[in-house]
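Next come the chains, spelled out residue by residue.
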Amino acid sequence: MKSNEKLQQDVQDALKWEPSLHAAEIGVIVKEGVVTLTGTVDSYTKKLQAEHATRNVAGVQAIVEKIEVKLSSSAVKSDEDIAASALSALRNNWSVPDRDIRVKVEKGWLYLEGDLQWNYQRDAAERSVEDLTGVKGIINNLTIKAHSHDKVEQKLVEDALQRHWSINADHIKVKVSGTNVTLTGRVGSLYQKREAARIAWKTPGVYSVDNKLEVEYDYALA
């Protein structure tokens, strides 16, 4: 069992382990598995790294992210420059159908819009632009509309979950309704919850994944 204090220390240690992060920049508040991150960083990339490091700590059930991005004067770019850089980055990523993606930038926030066939394309598009100088945040509004309209095969999702080394699929229930997949049950970490959804998204024909998996972990209340 892990107390709030122990989980807080584990998260702080995970943040210290990231070379680009300064632990003093980020505050960590913990209450029964819910981790709140506060503070200020000088790039959107650092904000993502803090979230990723926290997500992989055993015992973290949910993250409340309140980190603010304050760019240095040298990193500030106009919305026009950010938009141009984003379009170039999307064009240079072979896995992204850039012609199907619309880009909008407003006060440093970058919006991605459009319809794609696969979720991996949606993820790749976001990764293409997350390191751009001047970006304060990304809103990924890309939607999945596969060309195939066949009903998703439930057994394909279940078999894929069974094959993954980190997931105990016996505790996960898969429900398919047309092109929608719903996951319910319990997993041991946020990482496993995200991996289960990622696997479900890979199934041919999936339009949407409703991830209702609960993260279960024992805590010693302090």
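As a starting point, this report considers the structure included with it. By convention here, each chain's residues receive numbers from 1 onward along its written sequence. This being a predicted model, a pLDDT of at least 70 is required before a residue's local features are given, and a value of 80 or more before pairs of side-chain atoms are given or counted; all residues contribute to the totals for chains, interfaces and linings. Excluding hydrogens and water, the side-chain figures rest on all heavy atoms present in the structure.

1. Section: the layout of surface pockets
- Reported here for the largest pocket is a volume of approximately 990 Å³.
- Within this scheme a cavity is a closed region of a 1 Å grid, computed over the protein atoms alone, that accommodates a 1.4 Å probe without allowing it to escape, whereas a pocket is open but has protein on both sides within 12 Å along at least five of seven lines; lining residues each have an atom within 4 Å of a point. Lining the largest pocket are 21 residues, with R55, D123, E126, R127 and R194 sitting closest to its centre.
- The numbering of helices and of strands both runs from the N terminus, where a helix is a DSSP run of H or I of at least 4 residues and a strand a run of E of at least 2. Breaking the lining of the largest pocket down by element, the ones donating at least two residues are α2 (44-55), α4 (119-129) and α6 (190-201).
- Looking at the lining of the largest pocket residue by residue, the classes come out as 4 nonpolar, 6 polar and 11 charged. Grid points are joined across faces, edges and corners, and a volume is the space filled by probe spheres set on the points. Ten residue types, Ala, Val, Leu, Ile, Met, Phe, Trp, Tyr, Cys and Pro, are classed as nonpolar, four, Asp, Glu, Lys and Arg, as charged, and the remainder, Gly among them, as polar.

2. Some details on the sheet that holds strand β7 (residues 137-144)
- In this scheme, strands are said to pair when DSSP sees at least two bridges between them. One open sheet accounts for 3 strands, arranged β5-β6-β7; its pairing is mixed. Of all the strands in the sheet, just β5 (101-106) and β7 have a single pairing partner and so form its edges. Within the sheet, the average angular offset between the axes of one strand and its neighbour, ignoring direction, is 10°.
- Sheet topology note: the strand β6 (residues 109-116)/β7 ladder contains 8 bridges and is parallel. Orientation is described by axes fitted as lines to C-alpha atoms, over the contacting stretch for helices, and by angles from 0 to 180 degrees between their N-to-C directions.

3. Quick word on the pattern of salt bridges
- A pair is scored as a salt bridge if a Lys or Arg side-chain nitrogen falls within 4 Å of a carboxyl oxygen belonging to Asp or Glu. Scanning all chains against the criterion turns up 8 salt bridges.
- We note a salt bridge from K2 to D10, for which the minimum N-O separation is 2.9 Å. D10 carries the same exposure label as K2, and that label is buried.
- Its salt-bridge partner being R198, residue E195 comes within 2.7 Å of it at the nearest N-O pair. Of this pair, E195 and R198 both sit in helix α6, 3 residues apart, which is roughly one turn of the helix.
- The class for E195 is buried, based on a relative accessible area of 12%.
- Look at the salt bridges and you will find they share partners, linking K2, K6 and D10 into a network. Type-normalised accessible area, obtained with a 1.4 Å probe on protein chains alone, sets the label of each residue: buried when under 20%, exposed when over 50%, and partly exposed for intermediate values.

4. Structural notes on unusual backbone geometry
- Even without glycine at this site, E32 takes up a positive phi of about 50°.
- In this fold, E32 is placed in the loop between β2 (26-31) and β3 (34-41).
- Residue E32 is classed as partly exposed on the basis of its relative accessible area, which comes to 44%.
- We note that K107 has phi near 55°; this positive angle belongs to a residue other than glycine.
- Residue position: K107 is located in the loop between β5 and β6.
- Taking the relative accessible area as the measure of exposure, K107 reaches 67% and is therefore exposed.

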